Amino acid sequence: MTIKRFIIFSAALATWISPTSAQIIPGRYIVMLQAGHDPHGVATMHGARAEHVYDTAVQGFAGALSADQVRALQRDRRVLAVEPDCQVNILGHVVTAGTISAATVTSTGDLVPTGVDRIDAELNPRTDASAVGVAIIDTGICLTHPDLYVAGGISYVTGVASANDDNGHGSHVAGIAAAKINGLGVRGVAPNAKLFAVKVLNSTGSGTLSAVISGVNWVTKNAKLKGIKVANMSLGFTATSTTLNSAITKSVSAGVTYVVAAGNSAADAATFSPANHPSVITVSAMADEDGDCGADGLATYYGADDSFATFSNYGAVVDIAAPGVTIYSTYKNGGYATMSGTSMAAPHVVGCAVLYLAGHLTATPAAVRTALLTLSTPQAPVEPWLDATTNRWRGGFSGDRDTYHEPLADAAALK
């Protein structure tokens, strides 16, 4: 699968596949420079104001440019690429059951959500993953949520100084990956992992590619200092950016495992970024109603129990699947909510990566990928089977739309 992923993507490594006109932000561009050149200096020389500056994952800047400035930069030998900035969106499909305030959730124990249950995360003996840092590149995280360990954050949303979540999506993602075991609300796949809120999307769940690249740059720059070993990107757009691809590649080389959502268009994820990047772990969504294998639960709005979610993207670039339908988790303002989307599937796999890293702190992103894919549950059979090694029942899912049958994440196996 890795070879197929690279062949599909290699032709796009040094080019820009034009986004739709609806995605392009007129007059705004991203400029990537050769290594060793000062972004501020290049911008100033061309009479431009650098609104975003990239100095670690890539060298470059982003901001408003005239047509003449774009042409001049394209002739500058220090410049590798000039790309149009474009809109990026969250991949949480819908809030399906409203929200529940923190006051409503009493201290009656930590609910094990169906997604956590389906991948057997509650059977993993590691119940404190605080040694591993996780960057949630999203709408921010509720910084005061009692069920989340938020160690810090930053905002790249224009006019918003705080990394606090004013949408809810980022907090939901964070809770799936890492909600605490504290007798309150829910538990995540990797409880108490150290979360960093990297806010690149606004209150409506949209943002700019230039801000997303700033987020990746910040993660790369702070990975070693803050112990960030995993990053979640439950966002995307239909195009491919040379600058974003280069930034993610450099960040992975710095030791950060990137887990991203495949997308919710029921289409081939090969045309969707960052899902089509060869160095990330791309996650599709499956529907599960009861937290158990065997397809005995009720049908969901997005497919039968234990089946491929009807909205999920698919294709050769997808590596692994996880639950992504009617997932209950933390939300903004200290609350809780139920959401669906590949946005919800990705943080289940983030939690799996954290569980593995908690016992293998020096593991490389390549080693993490290998562990997650090797220690997983195949799609078939759907009928439960007793694993003689672990003495637990396992089972896959049905309905994949292609011949690339990505396995289902298995958190219990990651020890």
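Everything that follows concerns the structure shown earlier in this document.
This write-up is about the structure you can find in this document. (Residues numbered from 1 in each chain as written. Predicted model: local features only at pLDDT ≥ 70, side-chain atom pairs only at ≥ 80, totals over all residues. Heavy atoms only, no water.)

### Here we look at the pairing of strand E7 (residues 150-155)
Link 1 in the chain: As defined by bridge partners, E7 adjoins strand E8 (residues 194-199) across five bridges and the pair is classed as parallel. The partner of Ile-154 across the bridge, within E8, is Val-198. (Pairing = 2+ DSSP bridges. Helix = DSSP H or I, 4+ residues; strand = E, 2+ residues; numbered from the N terminus.)

### Notes on the packing of helix H8 (residues 342-359) against helix H9 (residues 365-374)
Link 1 in the chain: In contact at an axis separation of 10 Å, H8 and H9 are set at 110 degrees when each is read in the N-to-C sense. With respect to each other, H8 and H9 are oriented roughly perpendicular. Note that H8 runs across H9; the crossing there is right-handed. Note on element contacts: H9 touches H8 through Ala-367, Val-368, Ala-371 and Leu-372, opposite Val-349, Cys-352, Ala-353, Tyr-356 and Leu-357. (Axes fitted to C-alpha atoms, helices over the stretch in contact; angles between N-to-C directions. Parallel < 35°, antiparallel > 145°, perpendicular 65-115°, else oblique. Left-handed = near helix turned anticlockwise from the far one by under 90°. Contact = heavy atoms within 4.5 Å.)

### A short note on the pairing of strand E13 (residues 281-287)
Link 1 in the chain: When you tally the buried positions in E13, you get seven out of seven residues, the bulk of the element.
Link 2 in the chain: In terms of strand pairing, strand E12 (residues 257-261) meets E13 through three bridges, oriented parallel. Counted as the bridge partner of Ala-261 is Val-283 from E13.
Link 3 in the chain: Two strands pair when backbone bridges link them, and E13 and strand E15 (residues 320-323) are joined in this way by four bridges, in the parallel orientation. Bridging from a neighbouring strand, Val-283 pairs with Ile-320 of E15.
Link 4 in the chain: Across two bridges, the pairing between E13 and strand E14 (residues 307-308) is antiparallel. Bridge assignment links Met-286 to a residue of E14, and that residue is Phe-308. (Buried < 20%, exposed > 50% of the residue type's maximum accessible area, 1.4 Å probe, protein only.)

### Observations concerning H8
Link 1 in the chain: With 18 residues, H8 extends 27 Å from end C-alpha to end C-alpha; this agrees with the ideal 26 Å at 1.5 Å per step.
Link 2 in the chain: In terms of burial, H8 is a largely internal element, 16 of the 18 residues being buried. (Expected span 1.5 Å × (residues − 1).)

### Notes on the side chain of Asp-288
Link 1 in the chain: Mapped onto the elements, Asp-288 comes out in the loop between E13 and E14.
Link 2 in the chain: The exposure class assigned to Asp-288 is buried, which follows from its relative accessible area of 2%.
Link 3 in the chain: Side-chain polar atoms of Asp-288 contact the backbone nitrogen of Gly-291, separated by 2.6 Å.
Link 4 in the chain: Once residues lying within four places of it in the same chain are set aside, the contact partners of Asp-288 are Thr-114, Arg-118, Thr-300, Asp-305, Asp-306, Val-325 and Thr-326. (Polar contact = N/O pair within 3.5 Å; in protein donor to acceptor, adjacent residues only side chain to side chain.)

Read these as geometric descriptors, not functional statements.
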